[in-house]
Amino acid sequence: MNIILLGAPGAGKGTQASKIAQHYGILHISTGDIFRANIKGGTEIGKLAKSYMDAGKLVPDEVTCDIVKDRLTWADVKSGYMLDGFPRNLYQAKELDKFAKIDLCLNIDVDEALLMDRICGRRICACGESYHVSTLNGATTCAKCGKELYQRADDNPETVKTRLDTYKTQTAPLIDYYKAQGKLASVTSGEGSPDEVFEQIVKILGK
Ligand code: AMP
């Protein structure tokens, strides 16, 4: 099964993607993670992506689509995958339709008022775990693997505002795009815990 995870920044896409990957053994492909790995590795793509990411803007479509198109030629995608953070606009969605067969678009719906706090309080670990400062009780290391937690460079109020605007104008229209294709399933994150959201996802994806 090939799935798209849709949702505003801070909706919990990354957290749910890890849970889905663990539970169903399905491959998780995050364009944000790919860009961050390129930035860390000092590649040309990384240098280009950083300037957009730091400003909270989308990396140009051609670059992003090429990366995903290439990634979907790898052998490990054969038994299904989950795209997290792609597509981010209608152009990308239409391009994706040319080189992939998507079965389901899982939309994580969150009250907009919660997003800013969620993102700015987010602390993440290199292992993929994600926390909120309010639940860390001062801890600075990952409860799962012990590594030091850090804050993403683009998780600051100014950049987040741009990212949320970008989501509203460019990404949210994809909800209707996939609804029209009969592929949309929505879960409500609200103030629910990650486990509660995941329960809703399991009801959709099946045991
Ligand atoms: P994310 O980790 O999904 O929140 O993405 C972090 C940043 O990476 C975004 O704010 C964009 O700058 C960039 N990015 C990730 N995915 C895409 C995409 N599909 N198209 C363009 N830019 C992207």
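For the structure, see preceding data.
Each chain carries its own residue numbering, running from 1 in the written order of its sequence. Reporting in this predicted model follows two pLDDT cut-offs: at least 70 for local features of residues, and 80 or more for side-chain atom pairs to be given and counted; totals over whole chains, interfaces and linings ignore these cut-offs and use all residues. Neither water nor hydrogens contribute to the side-chain values; these are computed over all heavy atoms in the structure.

Asker: Requested: an account of the overall build of the protein, with residues and values cited.
Answerer: Scanning the protein for helices and strands turns up ten helices and seven strands. Between the two quantities, the radius of gyration covers C-alpha atoms and the globule rule is 2.2 Å times the number of residues to the power 0.38. Taking 17 Å as the expected radius of gyration for a compact globule of 207 residues, we find that the protein reaches 16 Å, a close match to that expectation. Overall, the C-alpha framework of the protein stretches about 45 × 40 × 35 Å when taken along its three principal axes. Only protein chains enter the accessibility calculation, which uses a 1.4 Å probe. A residue is then buried if its area is under 20% of the maximum for its type, exposed if over 50%, and partly exposed in between. Here the protein, with 207 residues, has 43% of them falling under the buried criterion. Two residues form a contact once any of their heavy atoms are found within 4.5 Å. When contacts within the protein are restricted to residue pairs at least 6 apart in sequence, those whose partners lie at least 24 apart make up 71%. Secondary structure follows DSSP: runs of H or I at least 4 residues long count as helices, runs of E at least 2 residues long count as strands, and numbering of each begins at the N terminus.

Asker: I'd like to hear about the nonpolar core, residue by residue, with values.
Answerer: Membership of the largest hydrophobic core comes to 43 residues, with the highest contact counts inside it found for Ile-20, Leu-83 and Leu-96. It is helix α10 (residues 194–205) that contributes the most residues to this core, five residues altogether. Non-local contacts of Leu-96, meaning those with residues more than four positions away in its chain, are made with Ile-4, Leu-72, Leu-83, Phe-86, Pro-87, Ile-102 and Tyr-178. Here the nonpolar core consists of buried residues drawn from Ala, Val, Leu, Ile, Met, Phe, Trp, Tyr and Cys, with membership extended through side-chain atoms lying within 4.5 Å.

Asker: How would you summarise the layout of surface pockets if you had to cite specific residues and measurements?
Answerer: Over the atoms rolls a probe the size of a water molecule, and its path tells where empty space is left. Cavity and pocket criteria rest on a 1 Å grid covering protein atoms alone: a 1.4 Å probe that fits but cannot get out defines a cavity, protein on both sides within 12 Å along at least 5 of 7 lines defines an open pocket, and an atom within 4 Å of a point defines a lining residue. Grid points are joined across faces, edges and corners, and a volume is the space filled by probe spheres set on the points. What the second largest pocket holds in volume is close to 160 Å³. Along its surface, the second largest pocket is lined by His-28, Ile-29, Ser-30, Asp-33, Ile-34, Ile-67, Asp-70, Arg-71 and Trp-74. We call Asp, Glu, Lys and Arg charged. Ala, Val, Leu, Ile, Met, Phe, Trp, Tyr, Cys and Pro are nonpolar, and the rest, Gly among them, are polar. Counted by class, the lining of the second largest pocket contains four nonpolar, two polar and three charged residues.

Asker: Give me the sheet that holds strand β4 (residues 104–109): which residues, what numbers.
Answerer: Between any two strands, pairing holds if DSSP finds at least two bridges. Spatially, the five strands line up as an open sheet ordered β2-β3-β1-β4-β7, and their pairing is parallel. Each end of this open sheet is capped by a strand with a single partner; those strands are β2 (27–30) and β7 (184–188). Shown here is a sheet whose adjacent strand axes are inclined to one another by a mean of 25°, direction ignored. Direction of pairing for strand β1 (residues 2–7) relative to β4: parallel, over a ladder of five bridges. When the bridges of β4 are listed, Leu-5 appears paired with Leu-106. Contacts between helix α2 (residues 31–41) and the sheet are confined to β2 and β3 (81–84), with β2 contributing the most and set at about 65° to the helix. Only C-alpha atoms enter the line fits that serve as axes; for helices the fit covers just the stretch in contact. Angles between N-to-C directions range over 0 to 180 degrees.

Asker: How would you explain the pattern of salt bridges if you had to name every residue and give the values?
Answerer: Note on definitions: salt bridges are taken to be side-chain nitrogens of Lys or Arg within 4 Å of carboxyl oxygens of Asp or Glu. Per the counting criterion, the structure on display carries 16 salt bridges. Bridged by salt links that share partners, the residues Arg-122, Arg-152, Asp-154, Asp-155 and Arg-163 form one connected network.

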